[in-house]
Amino acid sequence: MEFGWSDEDATFRNDLRSFIASELDGGWEGAVRHLGSPENVAYSITFNARLAERGWLTPHWPAEHGGGKSTPWQHIIMGEELWSIGEPRGPQYMNINWIGPSIMAHGTPEQKALHLPLIAAGRVIWCQGFSEPDAGSDLASLRTRAERDGDEYVVNGQKVWTSYASVADYCYLLVRTNPLAERHLGISVLLVPTSTPGLKITDVGSMVGEHAFHELFFDDMRVPVSCRLGAEDEGWAVVREALSYERVGAPRYARAAFQLDAAMCWARDSGIKLSEATIERVGQAYASCAAARLLAYRVMDERSKGLPPGPSGNIARAAMVNADRLVGQCVLELQGPEAMRSGAIADEQFRKSLAAGIAAGSYETQMNLIARLRLNLPKG
Ligand SMILES: Cc1cc2nc3c(=O)[nH]c(=O)nc-3n(C[C@H](O)[C@H](O)[C@H](O)COP(=O)(O)OP(=O)(O)OC[C@H]3O[C@@H](n4cnc5c(N)ncnc54)[C@H](O)[C@@H]3O)c2cc1C
């Protein structure tokens, strides 16, 4: 693995930073920064259109789908720079990182023609309907049923914790098409407009933030068979591939390091004298961000060499959670009573770090996979 940045990549990062600084000037504040709020979504549409104009929204995609203007490393540079400031692409980071690539890999020509240009232009919001009340870490136990009726599926069931559903145009929905098959085999993926009759979306309040979570209720929702992504009953392989991109698609270490920088500046400006023990913990937190970053780079290195997704993605994700949590603890300690103020750096980081080990596959699930796939330990 080569650790240095090429001149081309370093120039790209500098150009991107200048662009971000001028684009976000003044507008990237308050409710606009709350991922999934109506203000955030409206902002993301404008910001992403500007990125798209420069070929920077989906630069890692193949040229035939509106990309092709970057090295695979520029994809991660983009993620780092944007996540470090709170992800102004809004919910669309999901489309760009894994929903679009999943459609590219498994979609019909019609699905590609419909969805990929919209994603590449930054004009569409997706949500992902995976988790159910009894299917979270054990996703393969999902029960939302899609029964075939001629050219349509009739969907009944429920999803939960669906981020951005209230503002999404489409849902990347996991359903059970064959309840008799072995549980990993009877699953399919449907690409469903959220305006489809029979789908009800309700808010779920949470500590993560307003508009963060939703429940989806399906009551005889009819979806054309042409909306199925990949073969019937073979959706598990499709979704596993998408999830492997999800694990490193959001470089949380960049955001955590940014928050730690901000808290250190706050401590300096507030005239706070740090104890030896606090300084040591700050050092450990920075080191954990650096470790997570290198482990994410290893995944990118494998991907750029065309290797199939492996346990490196789980290791990188576990390291990102560790970094997020350590920084969460550290900024709490740095800010002390100031952390009680809603919107304080520590308040925001601590709440985000609690959720980090749950979203996109829980920390414990990652550890189980690492034990089995990398350490060859028996399944517990
Ligand atoms: C910020 C955020 C955003 C999310 N967005 C979405 C979304 O857009 N779409 C969506 O579908 N879902 C979403 N989720 C849901 C998320 O995917 C699930 O919460 C997650 O998969 C865990 O499932 P669960 O909540 O049912 O917990 P459970 O699976 O019930 O787990 C509870 C606890 O038990 C542990 N555990 C479970 N099984 C094992 C095991 N075998 N060994 C050891 N420990 C175990 C888990 O690690 C966890 O700590 C989101 C969650 C968060 C926090």
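Residues numbered from 1 in each chain as written. Predicted model: local features only at pLDDT ≥ 70, side-chain atom pairs only at ≥ 80, totals over all residues. Heavy atoms only, no water.

Asks: In this structure, what is going on with helix H1 (residues 7-24)? I would like to understand it.
Replies: Each full turn of the α-helix corresponds to 3.6 residues, which orients residues three or four apart in the same direction. Its 18 residues give H1 an end-to-end C-alpha distance of 26 Å, which sits within 8% of 26 Å, the value for a rise of 1.5 Å per residue. Taken as a whole, H1 has its buried residues at Asp9, Phe12, Arg13, Leu16, Phe19, Ile20 and Leu24. Along the long axis of H1, the arc covered by the buried residues comes to 130°, so they all point the same way. Facing away from the buried side of H1 by more than 90 degrees, the exposed set consists of Asp7, Ala21 and Ser22. Tucked inside the fold, the buried residues of H1 contact helix H2 (38-53), helix H3 (72-84) and helix H8 (276-304). (Helix = DSSP H or I, 4+ residues; strand = E, 2+ residues; numbered from the N terminus. Expected span 1.5 Å × (residues − 1). Buried < 20%, exposed > 50% of the residue type's maximum accessible area, 1.4 Å probe, protein only. Arc of directions from axis to C-beta. Contact = heavy atoms within 4.5 Å.)

Asks: Whenever I open this one, the site of the ligand confuses me. Can you help?
Replies: Looking at the ligand, there are 15 residues lining it, with Gln128, Ser131, Ser137, Ser362 and Glu364 nearest. Note that an oxygen atom of the ligand is positioned 2.7 Å from one of the backbone N or O atoms of Ser131. For the ligand, an oxygen atom lies 2.7 Å from a polar atom in the side chain of Ser137. For the ligand, whose accessible area on its own is 970 Å², the fraction buried by protein is 64%. For the shell around the ligand, the class distribution of residues is 6 nonpolar, 8 polar and 1 charged. (Near = heavy atom within 4 Å. Polar contact = N/O pair within 3.5 Å; in protein donor to acceptor, adjacent residues only side chain to side chain. Areas by Shrake-Rupley, 256 points an atom, 1.4 Å probe, with all protein chains shown as cover. Nonpolar A, V, L, I, M, F, W, Y, C, P; charged D, E, K, R; others polar.)

Asks: Help me out: how do you make sense of the nonpolar core in this one?
Replies: In globular proteins that are soluble, nonpolar side chains generally tend to be buried together. Formed by 32 residues in total, the largest nonpolar core has its most connected members in Trp126, Tyr172 and Leu174. Of all elements in the fold, only helix H4 (92-106), helix H5 (109-120), strand E4 (170-176), strand E5 (187-193) and helix H6 (235-249) reach the threshold of two or more residues within this core. Broken down by element, the residue count for this core peaks at 6 residues, all from H4. (Core = buried A, V, L, I, M, F, W, Y, C linked by side-chain atoms within 4.5 Å.)

Asks: What is the right way to read the packing of aromatic side chains from this model?
Replies: Where two aromatic rings form a pair, the distance of their centres and the angle of their planes describe that pair. Under the counting rule described, the total for this entry stands at 13 aromatic pairs. Ring geometry for Trp5 versus Trp73: centroids 6.2 Å apart, planes at 85°, classification edge-to-face. Residue Trp5 is located in the segment before H1, and its partner Trp73 is located in helix H3; the two are separated by 68 residues in the primary sequence. On the basis of an interplanar angle of 75° and a centroid distance of 5.9 Å, the ring pair of Tyr93 and Trp98 is categorised as edge-to-face. The class of Tyr93 is buried, set by a relative accessible area of 9%. In this structure an aromatic cluster arises from ring pairing among Phe12, Phe19, Trp28, Tyr43, Phe47 and Trp56. A cation over a ring is seen here: Arg54 above Trp56, with NZ or CZ 4.9 Å from the ring centre. (Phe/Tyr/Trp six-rings, centres within 6.5 Å; stacked < 30°, edge-to-face > 60°. Lys NZ or Arg CZ within 6 Å of the ring centre and 35° of its normal.)

Asks: When you look at the domain arrangement of the protein in this model, what are you seeing that I'm missing?
Replies: By a frequent convention, interface size equals the accessible area lost on bringing the separate parts together. Per the domain assignment, the segments making up the protein are domain 1 (7-90), domain 2 (127-233) and domain 3 (251-374). Taken over C-alpha atoms, the centre of domain 2 sits 31 Å from the centre of domain 3. Across the contact, 4 residues belong to domain 2 and 5 residues belong to domain 3. If you look at where domain 2 meets domain 3, you find 0 salt bridges. (Domains from an automatic or database assignment. Salt bridge = Lys/Arg side-chain N within 4 Å of Asp/Glu carboxyl O.)

Asks: Explain the environment of Glu182 to me, please; I cannot follow it from the model alone.
Replies: Within the secondary structure layout, Glu182 lies in the loop between E4 and E5. Each C-alpha atom of the pair Glu182 and Phe213 lies 30 Å from the other, and the pair is 31 residues apart in sequence.

Asks: How do you make sense of the packing of H3 against H8 when you look at a structure like this?
Replies: A pair of packed helices can be characterised by two numbers: the angle between their axes and the separation between those axes. Put simply, H3 and H8 touch, their axes get as near as 9 Å, and they point 150° apart. Between H3 and H8, the interaxial angle falls into the category roughly antiparallel. The handedness of the crossing between H3 and H8 is right-handed. Residues Pro72, Trp73, His75, Ile76 and Glu80 of H3 pack against Arg293, Ala296, Tyr297, Met300, Asp301 and Ser304 of H8. Tallied by class, the residues present in the contact of H3 with H8 amount to 6 nonpolar, 2 polar and 3 charged. (Axes fitted to C-alpha atoms, helices over the stretch in contact; angles between N-to-C directions. Parallel < 35°, antiparallel > 145°, perpendicular 65-115°, else oblique. Left-handed = near helix turned anticlockwise from the far one by under 90°.)

Asks: Sorry, what's going on with helix H10 (residues 345-356) here?
Replies: Between its first and last C-alpha atoms H10 spans 16 Å; for 12 residues at 1.5 Å apiece the expected length is 16 Å, and the two agree. Every buried residue of H10 is listed here: Ile345, Ala346, Asp347, Gln349, Ser353 and Ala356. At its buried positions, H10 is contacted by helix H7 (252-269) and helix H9 (312-335).

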